[in-house]
Amino acid sequence: MASRQSNADAHPKRVLVTGGAGFIGSHLLDLIVTPDAEITVVDNLSTGRIENIAHHLPGVRFIEQALDDALRTLQEERPFDQIYHLAAAVGVDLILEDPIGSIETNVEQTSALLKYASTHGNPPTLIASSSEVYGKPGASVFSEENDILLGPTTTGRWSYAHCKAIDEHLALAYTQTRSLPTVICRFFNTVGPRQSGRYGMVLPRFVQAALKNDPIQVFGDGRQTRCFCDVRDVVAVLPKLLKNQDAHGRVFNIGTDHSIEIRVLAETVINELASESTISLVPYSDAYPEGFEDLRHRRPDLSRVQELTGFTPTITLEQTIADIASSSLHAKTPSKENA
Ligand SMILES: NC(=O)c1ccc[n+]([C@@H]2O[C@H](COP(=O)([O-])OP(=O)(O)OC[C@H]3O[C@@H](n4cnc5c(N)ncnc54)[C@H](O)[C@@H]3O)[C@@H](O)[C@H]2O)c1
């Protein structure tokens, strides 16, 4: 499909990245930082780390502030040409530990960002959403137009999915009623160097345990499947979507459709890192509060993003595991997990 581009889309000069010191945001910076781009990162470092982006400073402007506060200052400035909105409260453990803070962050910050964008030049704006939005439908392959089936509001885990679904509705409403060009990306499990294991992310947790030869804790029976896509593959498609007008006002699954059982993932980590770790199965009832619901299978239908951009992930899981391990071993500063 041919894409129509404005000058600002083709040569974005001023770019705002919210949550840019986080895992996905920092890899996006590695891709989009060029000598002639003026990039501003807003991040309150709640889960992000300055070490993730230190190699881009001071060329990239870094504002350490909550997004809504930073937007009040930014409204005095020239509008941005593009916005990537990645700031959010992320990770099952964080959502369960701080439900009010997480819900407020995930709804109010996105609302503030969309309001700002629509009143400051209407730049193409990418909104990070999640495969969690699908909830627990009967199908194991998730397509963007599928019905969603979320669990009850009495189960705290689902608040993240509800918030991201509201973010999507709000972004689409801004496109429909205020002509703000938004692109919604539903990330499936994204993995790679710099991801923190502190808030329940599975692969960094497994790699850390394997490097210490500690038992790897696999929740449930380990037969649940997920699709893990390297973050460097994921970020590569984001600028392509944002500059393509045919992507505006639409939702895209982003990830890989290669499934793996979590137990096999643990075995792969052990083999790749020549670790002496054993696998220990932990019942969900011991790992999470009562009533926690997990999903057996989750795999994206990628035909929409492939059709528009030719998106094909290229980095193998084995390579990702090796890179996570090597970046953990070479980290100069203690990570939050060790702090
Ligand atoms: N990593 C995944 O597998 C995955 C999957 C689905 C969706 N996502 C989405 O992708 C986006 C990026 O996730 P990530 O994995 O990089 O997580 P992350 O926690 O590393 O990044 C989020 C960043 O947002 C910042 N932040 C949080 N609240 C903020 C606020 N109020 N103001 C300013 N900054 C704030 C954090 O400090 C952090 O740097 C999020 O929107 C997340 O919901 C990620």
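Above this note sits the structure.
Structure report, in brief. Just so it is clear, the structure is predicted and the values come from calculations on it, not from any experiment.

**Focus on unusual backbone geometry**
For residues that are not glycine, phi is negative in most cases, and the peptide bond is trans in most cases. The amide bond that connects leucine 57 to the next residue, proline 58, takes the cis arrangement and shows omega of 5°. Relative to the elements of secondary structure, proline 58 occurs in the loop between strand 2 (38-42) and strand 3 (61-63). Even without being a glycine, alanine 274 presents a positive backbone phi close to 45°. Along the chain, alanine 274 turns up in the loop between helix 9 (262-272) and strand 14 (279-282).

**Re the environment of arginine 299**
You can see arginine 299 is positioned in strand 15 (residues 299-300). For arginine 299, a count of 20 C-beta atoms within 10 Å puts it in the buried group. Sequence separation between arginine 299 and glycine 220 is 79 residues, and the spatial gap between their C-alpha atoms is 19 Å. Setting aside anything within four residues of it in sequence, one finds arginine 299 in contact with Ser140, Val141, Phe142, Cys227, Asp257 and Ser259.

**Regarding helix 6 (residues 159-178)**
Over its 20 residues, helix 6 extends 27 Å from the first C-alpha to the last, a length consistent with the 28 Å expected when each residue adds 1.5 Å. Here helix 6 has its buried residues at Ser159, Tyr160, Ala161, Cys163, Lys164, Asp167, Glu168, Ala171, Tyr174 and Thr175. Buried residues along helix 6 sit against helix 4 (92-97), helix 5 (99-119), strand 5 (125-130), strand 7 (182-187) and strand 12 (250-254). Where helix 6 ends, the next residue or the one after it, serine 179, has phi of about 60°, a positive value.

**What about the site of the ligand?**
Neighbouring residues of the ligand: 28 residues in total, closest Gly19, Gly22, Thr47, Gly48 and Ala88. Ranked by residues supplied to the shell around the ligand, first place goes to helix 2 (residues 23-32) with three residues. Here the shell around the ligand is composed, by residue class, of 14 nonpolar, 13 polar and one charged.

**Details of the nonpolar core**
Judged by nonpolar contacts, the single largest core of 79 residues is most densely connected at Val17, Leu126, Cys185, Phe206, Leu238 and Val269. The element best represented in this core is helix 8 (residues 231-242), accounting for seven residues. Excluding residues that lie within four positions of it along the chain, phenylalanine 206 makes contacts with Ile216, Leu265, Ala266 and Val269.

**Quick notes on the pairing of strand 4 (residues 82-85)**
Going residue by residue along strand 4, you find Gln82 and Tyr84 tucked away on one face and Ile83 and His85 tucked away on the opposite face as well. Here strand 1 (residues 14-18) pairs with strand 4 via four bridges, running parallel. Looking at strand 4, one finds that threonine 18 is bridged to histidine 85. Relative to strand 5, strand 4 is paired through three bridges, and the arrangement is parallel. Its bridge partner lying in strand 5, tyrosine 84 is registered against leucine 126.

Rules behind the numbers
Residues numbered from 1 in each chain as written. Predicted model: local features only at pLDDT ≥ 70, side-chain atom pairs only at ≥ 80, totals over all residues. Helix = DSSP H or I, 4+ residues; strand = E, 2+ residues; numbered from the N terminus. Buried ≥ 20, exposed ≤ 12 C-beta atoms within 10 Å, placed from the backbone. Contact = placed C-beta atoms within 7 Å. Expected span 1.5 Å × (residues − 1). Near = placed C-beta within 6 Å. Nonpolar A, V, L, I, M, F, W, Y, C, P; charged D, E, K, R; others polar. Core = buried A, V, L, I, M, F, W, Y, C linked by C-beta atoms within 7 Å. Pairing = 2+ DSSP bridges.

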